[in-house]
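Chains, contacts and geometry: an overview
Now for the letters of each chain:
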Amino acid sequence: MTDEGPLVLPMVYGIDDDTMYLHGAIANSLLGAGADHEICATVTIVDGLVFAKTPFNHSMNYRSVVVRGRARIIAGEDEARRALRIITDHIVPTWDTLRPPTANDIRATRVVALPLAEMSAKIRSGGAGNFPEDENERYWTGHVPVSMVVGAPVTNVDAHVSVPDAIAALSGTDLHSRQTR
Ligand SMILES: Cc1cc2nc3c(=O)[nH]c(=O)nc-3n(C[C@H](O)[C@H](O)[C@H](O)COP(=O)(O)OP(=O)(O)OC[C@H]3O[C@@H](n4cnc5c(N)ncnc54)[C@H](O)[C@@H]3O)c2cc1C
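What counts and how
Residues numbered from 1 in each chain as written. Predicted model: local features only at pLDDT ≥ 70, side-chain atom pairs only at ≥ 80, totals over all residues. Heavy atoms only, no water. Helix = DSSP H or I, 4+ residues; strand = E, 2+ residues; numbered from the N terminus. Expected span 1.5 Å × (residues − 1). Buried < 20%, exposed > 50% of the residue type's maximum accessible area, 1.4 Å probe, protein only. Arc of directions from axis to C-beta. Contact = heavy atoms within 4.5 Å. Near = heavy atom within 4 Å. Polar contact = N/O pair within 3.5 Å; in protein donor to acceptor, adjacent residues only side chain to side chain. Areas by Shrake-Rupley, 256 points an atom, 1.4 Å probe, with all protein chains shown as cover. Nonpolar A, V, L, I, M, F, W, Y, C, P; charged D, E, K, R; others polar. Salt bridge = Lys/Arg side-chain N within 4 Å of Asp/Glu carboxyl O. Domains from an automatic or database assignment. Buried area = accessible area lost by both parts, 1.4 Å probe.

**With respect to helix α2 (residues 77–91)**
When the terminal C-alpha atoms of α2 are compared, their 22 Å separation across 15 residues agrees well with the 21 Å that a helix rising 1.5 Å per residue should span. All buried positions along α2 are accounted for by A80, A83, L84, I86, I87 and H90. Considered in projection along α2, the buried side chains sweep an arc of 155 degrees and stay on one side of the axis. Residues of α2 that are buried sit in contact with β1 (14–15), β2 (19–25), α3 (103–107) and β6 (109–115).

This is the structure:
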């Protein structure tokens, strides 16, 4: 909840054993408003579209998680740096191969820890659940897998070096199939 009312924003995250980390600029109004308050974070992956014999039974295949808890602002530089590494490497492990953020960079960033104490996960997979009375109806029914495939890297003019192996290796990867947390 912000001063202007309820607000939900997409964000990247990282997961430690029992903590989810989020980050944003100090000016970010949502993270500022969430500090030391109960917040809710959700993660959703759409794996497929499910078509039934009646729109009433259409569905989606998905994996989703809902986390609720009290957000804690990370105050110390060491803990913030560790959390930012976890967030960064959750996408692609690049933290160790790049110029580390300066102390000023860290100070300009709000890092929030959310305990993974209260959370739920839901998964749906497979085909449509049609009503028994529709058994003999002649409509197509089934499911269409959905994926998110990584394209080829596009190099900045100020890159000065070739594409790192870890990034080049991403091309063609289906992010939905990556083993991640
Ligand atoms: C995949 C993805 C990952 C992201 N990861 C992060 C992250 O880890 N950390 C981070 O700080 N930001 C992240 N962002 C950007 C984030 O969603 C916000 O846009 C950003 O934090 C804006 O903050 P703000 O304080 O400038 O805007 P605010 O002042 O909070 O927003 C002002 C208004 O702008 C509108 N608005 C803001 N953001 C969006 C949006 N994304 N889409 C549509 N309308 C919007 C809303 O109406 C909001 O009320 C991510 C965005 C995407 C799509």
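**A word on the site of the ligand**
Taken together, L7, L9, P10, M11, V12, H23, G24, N28 and S29 make up all the residues around the ligand. Here V12 contributes a backbone N or O atom positioned 3.1 Å from a nitrogen atom of the ligand. Contact between the ligand and S29: an oxygen atom at 2.8 Å from a side-chain N or O atom of the residue. About the coverage of the ligand: the protein hides 41% of its 870 Å² of free accessible area. Taken together, the residues that form the shell around the ligand break down as five nonpolar, four polar and no charged.

**Section: unusual backbone geometry**
Here the phi dihedral of D36 falls at roughly 60 degrees; this positive angle occurs in a residue that is not glycine. Positionally, D36 belongs in the loop between α1 (29–34) and β3 (38–51). Using a relative accessible area of 48% as the deciding quantity, one classes D36 as partly exposed. A positive phi angle, close to 65 degrees, is found at H160, a residue other than glycine. Position of H160 among the secondary structure elements: in the loop between β8 (142–145) and α4 (165–168).

**With respect to the pattern of salt bridges**
Oppositely charged side chains are able to pair whenever their charged atoms sit close together. Scanning the entire structure with this criterion turns up seven salt bridges. Residue D16 pairs with R82 through a salt bridge whose shortest N-O separation is 2.5 Å. Of this pair, D16 sits in the loop between β1 and β2 while R82 is found in helix α2, placing the two residues 66 residues apart along the sequence. With its nearest N and O atoms 2.7 Å apart, the salt bridge here joins R63 to D47. Highlighted residues: R63 in strand β4 (residues 59–70) and D47 in strand β3, separated in sequence by 16 residues.

**Some thoughts on the domain arrangement of the chain**
Segmentation of the chain into domains returns domain 1 (14–48 + 60–127) and domain 2 (147–181). On a C-alpha basis, the centroid separation for the pair domain 1 and domain 2 is 21 Å. In this complex, domain 1 contributes 11 residues to the contact, which on the side of domain 2 involves seven residues. Both sides together, the interface formed by domain 1 and domain 2 hides about 690 Å², and carbon and sulfur atoms give 47% of it. Along the contact surface separating domain 1 from domain 2 lie zero salt bridges. Run the count over domain 1 and domain 2 and you get two residue pairs in polar contact (both at pLDDT 80 or more). Counting residues per element, the ones that place at least two in the side of domain 1 that touches domain 2 are β3 and α2.

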